[in-house]
Each structure stands twice: as C-alpha cells, then as structure tokens.
Amino acid sequence: MAVLHHRDGSIAPLPMRGGVAPSRVFLPPGPWAGLLEFMLRRFPYVAPEVLRARLERGEIVDGAGVPQAADAPYIPGRWLWYYREVPDEEPLPFELPILYRDERLLVVDKPHFMASTPGGRYLRETALSRLRAALDMPQLSPLHRLDRDTAGVMLFCADPASRGRYQTLFQSRLVLKEYEAIAPLRAGLELPCVRRSRIQRIPERFDMREVPGEPNSETRIELVERHGALGRYRLRPASGRKHQLRVHMSALGIPICNDPCYPAPRAHPPYDDYSRPLLLLARAIEFVDPYSARTRRYETRRRLDLSGPGSAA
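In this report, we go over the structure that sits alongside the text. (Residues numbered from 1 in each chain as written. Predicted model: local features only at pLDDT ≥ 70, side-chain atom pairs only at ≥ 80, totals over all residues. Heavy atoms only, no water.)

Another point: the pattern of salt bridges. When the charged atoms of two side chains with opposite charge come close together, those side chains can pair. This model, assessed by the stated rule, comprises 26 salt bridges. Arg246 is the partner of Asp149 in a salt bridge, and the nearest nitrogen-oxygen pair spans 3.4 Å. Taken as a pair, Asp149 in the loop between strand E6 (141-142) and strand E7 (151-157) and Arg246 in helix H5 (residues 244-251) lie far apart in primary sequence, 97 residues in all. You'll find Asp149 and Arg246 in the same group, each marked buried. A salt bridge links Asp259 to Arg246, with the nearest nitrogen and oxygen atoms 2.8 Å apart. Residue Asp259 is located in the loop between H5 and strand E13 (280-288), and its partner Arg246 is located in helix H5; the two are separated by 13 residues in the primary sequence. Put simply, Glu178, Arg220, Glu222, Arg234, Arg236, Glu286, Arg297 and Glu299 are held in one network by salt bridges that share partners. (Salt bridge = Lys/Arg side-chain N within 4 Å of Asp/Glu carboxyl O. Helix = DSSP H or I, 4+ residues; strand = E, 2+ residues; numbered from the N terminus. Buried < 20%, exposed > 50% of the residue type's maximum accessible area, 1.4 Å probe, protein only.)

Shown next as structure tokens:
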C-alpha cells in the first residue's frame with residue numbers, strides 16, 4: 001500500500017479510497033468539552049446524526065489511525081483524518097485521454113464538465129481522482145487547474161520530488177498557455193488587443209469582476225476566424241487569475257458562448273446540459289523542461305466548432 005504524504009510532509013493514516021485521498025481537520029484551542037460538540041460547530045452543514053454515526057462507525061481517526069469516539073473529550077492541537085463524502089455524485093459520461101506520460105509528468109485532455117480536483121459537490125468524478133484510481137498513482141498532483149467548465153490540456157506531476165521545479169515554471173510565468181474560444185463578433189472592436197485589468201472575487205459569490213486599481217491580469221486576444229455572427233478567438237493569458245479569460249472577453253462585449261456566469265450569472269439547472277458546454281478550450285501549453293532543457297509543447301485533440309453555440313467535441 002502506497003504511503004500518502006500531505007502537502008506539508010505529514011503522512012496520512014488512511015489509504016486512498018477510489019482515487020480520493022483522505023481529508024483532515026485541525027483541532028484548535030477552544031471551549032468545546034467533547035469532540036462531537038466541536039465537529040458539529042466545525043461542519044454546520046452536515047446533519048448532526050450523520051456526524052455522530054460516522055464517529056460511532058470509527059470513520060474519523062487521529063494521526064496514528066486510532067478511531068475517535070462520539071463521546072471522546074476534546075483534545076486540541078491534533079489533526080483528525082476522514083473521508084469526505086458527496087451523496088449522489090453522478091458519473092460523468094466523458095473520457096479523460098492521456099496525451100503524454102513519463103516518470104515525472106502526466107498530460108491529459110480534460111473534458112468539459114469535469115472538475116480538476118475534488119471540491120464542493122464533486123469528489124470522484126474529477127480529473128485528479130479518476131487518474132489516481134485508474135493509474136494507481138496516489139501521489140499524483142496537479143501543476144495547475146482548469147475550471148470545471150473549461151476543456152483541454154492539463155498537466156499533473158507524477159513524482160513528488162519533481163513537483164517543485166515544475167511548479168516554479170508556473171509561478172515565474174515561464175509556461176506559455178494558449179486558449180481558444182467561440183464568442184460573438186463585435187463591430188468596432190480592434191483586434192488583436194491586450195486586456196489588462198484588476199480582477200477580484202465578488203463577495204459571497206463564485207464569480208469575479210473587474211475593479212479599479214493596479215492590473216493583476218493580462219490577456220492577448222486575437223480573432224482567427226469568422227462564421228456568421230460568431231468568431232473563433234485565440235487567447236494568450238500572461239497571468240492566471242480565476243475566470244480571467246471569461247471576465248476579459250465579457251468586458252470587451254464578446255462573452256464566450258454558453259458562459260453561465262458572464263456577463264451576468266444565470267440560474268443553474270439541477271443537472272448539467274451536456275449539449276451546451278462553455279466554448280472555451282485550453283488549446284496548448286509550452287515550456288522548457290527544467291530537467292532536459294528541451295522545449296515541451298502539448299496540444300489538445302478536442303475542437304470547438306463555429307457551427308453553433310452548442311458545438312464542441
């Protein structure tokens with residue numbers, strides 16, 4: 001059984017399960033008399049009977065792997081480990097093709113509607129969990145992320161000892177990223193252009209917005225093809241803010257087709273409409289490998305069609 005290391009170097013007392021690594025929670029100093037009292041405060045959105053049942057079944061353990069009882073006293077300064085649960089997670093009907101693999105890197109062609117990593121209501125049906133389970137690679141970790149709505153090239157590190165050097169490339173902006181989007185044409189918009197702005201998250205919301213202040217984002221935007229009222233755009237971000245490309249395209253009056261958040265968020269249906277993906281694709285990624293000093297370039301095999309707002313393959 002492979003040993004799982006947390007990002008801070010600690011060893012997880014629980015093995016990976018279905019490609020999903022265990023989660024952990026820290027017990028800080030506080031007024032709680034018992035462990036269950038703390039857990040109820042720490043996880044207010046989980047029903048009390050569910051938390052009690054998990055403790056009684058021994059599903060929450062300490063750093064040595066010892067199950068914790070529901071009536072256990074509260075002892076601060078420790079980490080507890082557990083498996084996060086997502087009820088009724090639907091399988092995604094999409095493949096996750098591998099574009100390249102060696103002892104250090106794994107490159108995949110992520111589909112639309114698949115989250116990069118576990119979070120929220122997505123746990124097993126994520127790129128990371130699927131790959132860890134399918135390839136038996138518990139130490140696999142993402143080098144960057146793509147929005148769940150965005151498809152295309154995504155890089156993972158297969159060797160924890162190599163991750164730092166590859167991560168430095170992204171932090172130093174030495175990785176060239178090229179995206180493709182289908183969006184409306186706009187008369188009078190001079191392209192190519194470079195959009196620079198300050199982007200920040202809207203409080204209490206998931207989406208982002210441009211605000212006054214020093215720019216923290218930059219995107220070069222080119223029109224490469226026309227078809228009726230739509231255009232195919234090439235996007236080259238020089239920074240990596242959340243939703244940056246979507247925010248910039250919307251701010252220019254050419255929001256990406258099928259975007260549920262920009263220019264204004266729409267109500268989310270209780271299910272995904274797979275026939276209308278966000279028409280945004282991570283087309284290619286390029287960098288100089290820190291180990292071989294050779295230029296690496298990986299390109300998606302997916303395509304966006306200009307034939308209509310629901311066209312992607």
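Once that is clear, we can look at the nonpolar core. Soluble globular proteins tend to bury their nonpolar side chains together. Grouped together as the largest cluster of nonpolar side chains are 38 residues, with contacts concentrated most on Leu140, Phe156, Leu235, Met249 and Leu280. Secondary-structure elements contributing two or more residues to this core are strand E5 (105-110), helix H3 (127-135), E7, strand E8 (176-184), strand E12 (230-237), H5 and E13. With four residues, the single largest contributor to this core is E8. Those residues within four positions of Leu140 in sequence are excluded, and the remaining contacts are Leu106, Leu128, Leu131, Arg132, Phe156, Cys157 and Ala158. (Core = buried A, V, L, I, M, F, W, Y, C linked by side-chain atoms within 4.5 Å. Contact = heavy atoms within 4.5 Å.)

Empty space among the atoms becomes visible once a probe the size of a water molecule is rolled across them. For the coordinates displayed, the defined rule picks out one cavity of 30 Å³ or more. Looking at the largest cavity, its volume works out to about 40 Å³. As for the largest cavity, its lining consists of His144, Leu146, Val153, Lys177, Tyr179, Ala282, Ala284 and Ile285. When contributions to the lining of the largest cavity are tallied by element, the ones reaching two or more residues are E8 and E13. At three residues, the largest contribution of residues to the lining of the largest cavity is made by E13. Tallied by class, the residues present in the lining of the largest cavity amount to six nonpolar, one polar and one charged. (1 Å grid on protein atoms, 1.4 Å probe; cavity = no way out; pocket = protein on both sides within 12 Å on 5 of 7 lines; lining within 4 Å. Points joined across faces, edges and corners; volume = space filled by probe spheres on them. Nonpolar A, V, L, I, M, F, W, Y, C, P; charged D, E, K, R; others polar.)

Once that is clear, we can look at helix H4 (residues 163-171). Since the α-helix turns once every 3.6 residues, residues separated by three or four places project in the same direction. The complete set of buried residues in H4 reads Tyr166, Gln167, Leu169 and Phe170. Down the axis of H4, the buried set is contained in an arc of 145°. They therefore lie on one face. Immediately beyond the C-terminal end of H4, within one or two residues, lies Arg173, with a positive phi of roughly 60°. (Arc of directions from axis to C-beta.)

A word on the environment of Leu176. Tracing the backbone shows Leu176 in strand E8. Apart from residues no more than four positions distant in its own chain, Leu176 is found in contact with Ala284, Ile285 and Glu286.

With that out of the way, let us pick up helix H2 (residues 48-56). Burial in H2 covers these residues: Leu51, Arg54 and Leu55. Viewed along the axis of H2, the buried residues span an arc of 100°, placing them on a single side of the element. Structural note: H2 exposes Glu49 and Glu56 on the side pointing more than 90 degrees away from its buried face. Close packing links the buried residues of H2 with helix H1 (35-42) and strand E3 (78-82). Following H2 by one or two positions, Gly58 has its phi on the positive side, about 75°.

Keep in mind these numbers describe shape, not what the thing actually does.
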